[in-house]
Amino acid sequence: MTLRQLELFVAVAESGSFSRGGEQLSLTQSTVSQHIAALEEEFGTRLLDRISKGVVLTAGGKIFLQQARMVLNEVKQLQQAMNRFHGIDNATLSLGASNIPANYLIPRLLPLLQQRYPGISLDVRMGDTQQILNDIRNQRVELGLVGGRIEDDSYSYLPIISDELILIAGADHPLRTAGTISVQQIFEQELVVREQGSGTWQSLNNALLRAGRDPQSLRILARLGSNEAVRRAVAAGYGCAFVSDLSTRESIQRGDLYRVEVDGLRIIRQLWLAEMAERTSSPAAQAVKDLIREVFGTRDK
């Protein structure tokens, strides 16, 4: 039994749903089921009854919930005591984030940050990858979540998750029904791309170079400063674009955008947590780094 499992059980019991409980801790429904089953096996007691509208507590589950809340409350008090000791009971962390991490990673962290470290508030500064790395160097922010990296030993990088860049087209674009196109056909399309300092452009540029193609030959209609602006332009019928898979799933499901496969070109990039390598982390920064390792299962590189 782990504290994480107790947190998960309480979340499921209070929400009445495996999926809603899992969302609170950024876990899939199948992972939630495995943890609950492990608890039930450990104590030899069914804790939850699965019904058509969700889950309900058994008699044993009600006892377990009461005790689990007591344990977690004690842990919270312990954490608060240690936070006061480390000076993070009332701290602000300056955090830089490029477009994709700012919109799709930080929201996943905030609920758990509030739960674990209620005394820490985030002051988030947005910009492209190059701007955020410059802000770290110039001490405008302490940590940065970015979509690319530069080969500079001054920085330390923690890999977070992988993200795929995919080619998208709007509902009225000829590529909507193309299925799969060749790399050469990319150079026949009018493209909307991100700005030169962005991790998205850096990844696309490097992928084309590895494929033996010259990115300078792309037919670029516009360079836009955010992933949202690129998506909206393409949805409105303005060219096509390479964008983050994380940012387009809902739009593709709704039918606002369509994915186009490119034969022989798959662009997988890493999202990173960056900081200066030789600087000592503040207690607030260390707490956030530890939280990111827990949520995304990462390790230092």
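These remarks concern the structure in this document. (Residues numbered from 1 in each chain as written. Predicted model: local features only at pLDDT ≥ 70, side-chain atom pairs only at ≥ 80, totals over all residues. Heavy atoms only, no water.)

### Quick word on the pattern of salt bridges
Quick reminder of the rule: Salt bridge, as used here, is a side-chain nitrogen of Lys or Arg placed within 4 Å of a carboxyl oxygen of Asp or Glu. The cut-offs for exposure are 20% and 50% of the maximum accessible area for each residue type, with area from a 1.4 Å probe on protein chains only; residues under the lower value are buried, those over the upper are exposed, and the others partly exposed.
This model, assessed by the stated rule, comprises 21 salt bridges. For Glu-261, the salt bridge identified is with Arg-259, shortest N-O distance 3.2 Å. By relative accessible area, Glu-261 is classed as partly exposed at 38%. On the accessibility criterion, Arg-259 (33% relative accessible area) is partly exposed. By sharing partners, the salt bridges in this structure join Arg-4, Glu-7, Arg-116 and Glu-294 into a single network.

### A short note on the packing of aromatic side chains
Quick note on the threshold: Side-chain rings of Phe, Tyr and Trp (the six-membered ring for Trp) are treated as a pair once their centres are within 6.5 Å; stacked means planes under 30 degrees apart, edge-to-face means over 60, and tilted covers the remaining angles. Only DSSP runs of H or I covering at least 4 residues are called helices, and only runs of E covering at least 2 are called strands; the numbering of each starts at the N terminus. Distance and angle both matter: a charge sits over a ring if NZ of Lys or CZ of Arg is within 6 Å of the ring centre and within 35 degrees of the ring normal.
Counted according to the given criterion, the structure contains 4 aromatic pairs. On the numbers, 4.8 Å between centres and 75° between planes, the contact of Phe-9 with Phe-64 is edge-to-face. With a gap of 55 residues between them, Phe-9 in helix H1 (residues 3-15) and Phe-64 in helix H4 (residues 59-86) connect regions that are remote in the sequence. Judged by relative accessible area, Phe-64 falls into the buried class, the value being 11%. Joined through ring pairs, the aromatic side chains of Phe-9, Phe-43 and Phe-64 make up one cluster. A cation over an aromatic ring shows up here: Arg-149 above the ring of Trp-272, its NZ or CZ 4.6 Å from the ring centre. Lying over the aromatic face of Trp-201, Arg-223 brings its terminal NZ or CZ to 4.3 Å of the ring centre.

### Examining the pairing of strand S12 (residues 267-276)
The side chains of a regular strand alternate between both faces of the sheet. Quick note on the threshold: Any two strands between which DSSP finds at least two bridges are classified as paired.
Of all 10 residues in S12, 8 are buried; the element is thus mostly enclosed. Of the pairings in the sheet, the one linking strand S5 (residues 143-146) to S12 comprises 3 bridges and is antiparallel in character. Considered in S12, the bridge of Gly-144 is made with Ala-274.

Interpretation note: all reported values are geometric properties and have no functional meaning in isolation.
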